[in-house]
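Structural features, examined
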Amino acid sequence: EVSITEGANLMADDIERRFPTIFDWLRAHNVNAVVIIVIMITVALMNMISGIYFPDEGQIFINGEEAVIEIGPGIGVLTAELAKRAKNVVCIEIDERLRPVLPETLAEFNNVEVIFGDADATLRSFERAIDKNTAVVVCTHASNVSGEILPIEKIGALCKDRGITFIVDAAQ
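Quick look at the structure, then. Bear in mind that the values here come from a model prediction, so they are computed numbers and not experimental data.

1. Looking at the overall build of the protein chain
Along its length, the protein chain carries seven helices and five strands. Helices and strands in the protein chain line up, N terminus first, as α-α-α-β-α-β-α-β-α-β-α-β. Looking at the 172 residues of the protein chain, the share that counts as buried comes to 37%. Pairs at least 24 residues apart make up 56% of the contacts formed inside the protein chain by residues separated by at least 6 positions. When the accessible surface of the protein chain is totalled, it reaches about 10700 Å², and 56% of it is carbon and sulfur.

Here it is as structure tokens:
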């Protein structure tokens with residue numbers, strides 16, 4: 001049996017073996033960057049494990065009756081997992097280059113709607129997408145692909161007013 005810390009260390013070692021060039025570059029420039037990456041991986045691993053094994057311990061648990069809004073679905077990896085658990089998922093994407101990708105990635109799910117638009121359209125689409133079953137909103141703060149910064153203050157305020165859990169990925 002492996003502890004969470006040992007598992008994170010094994011995962012970090014595996015990532016270093018898989019991507020040696022990145023770690024060689026980091027070592028040459030700043031050892032602290034490697035430490036930060038290892039800490040980020042450890043925290044992410046612990047969050048994933050706790051969400052899987054302890055869903056009632058302050059974690060978000062989607063049981064199939066809730067609606068989820070995802071702002072910035074990217075290629076749809078998280079979207080697919082949300083679609084397996086939620087009644088319906090509305091995705092709002094600003095990167096038009098993903099228009100042909102998302103339908104393919106999400107083809108097996110009939111409970112996913114994808115809306116495209118810019119940051120301003122995203123806020124309007126978000127407001128229209130909220131319904132009485134919306135339980136969770138997942139959002140990236142800024143797109144690492146397009147550079148678009150989303151109005152998370154406004155989105156967060158709307159979620160707070162409606163009692164909706166708001167999750168922000170600010171680490172892209």
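What follows picks up the thread again.
2. Examining the pairing of strand E2 (residues 88-93)
Burial runs high along E2: five of the six residues are buried. Where strand E1 (residues 67-71) meets E2, five bridges bridge the pair, whose relative direction is parallel. Counted as the bridge partner of Ile71 is Ile92 from E2. The β-α-β motif built from E1, the intervening helix H4 (residues 77-85) and the parallel element E2 has right-handed crossover chirality. In this sheet, strand E3 (residues 112-116) lies alongside E2 in parallel orientation, the contact comprising five bridges. Paired with Val89 across the strands is Val112, a residue of E3.

Conventions used here
- Residues numbered from 1 in each chain as written.
- Predicted model: local features only at pLDDT ≥ 70, side-chain atom pairs only at ≥ 80, totals over all residues.
- Heavy atoms only, no water.
- Helix = DSSP H or I, 4+ residues; strand = E, 2+ residues; numbered from the N terminus.
- Buried < 20%, exposed > 50% of the residue type's maximum accessible area, 1.4 Å probe, protein only.
- Contact = heavy atoms within 4.5 Å.
- Areas by Shrake-Rupley, 256 points an atom, 1.4 Å probe, with all protein chains shown as cover.
- Pairing = 2+ DSSP bridges.
- Right-handed = clockwise from strand over helix to strand, strands pointing away.

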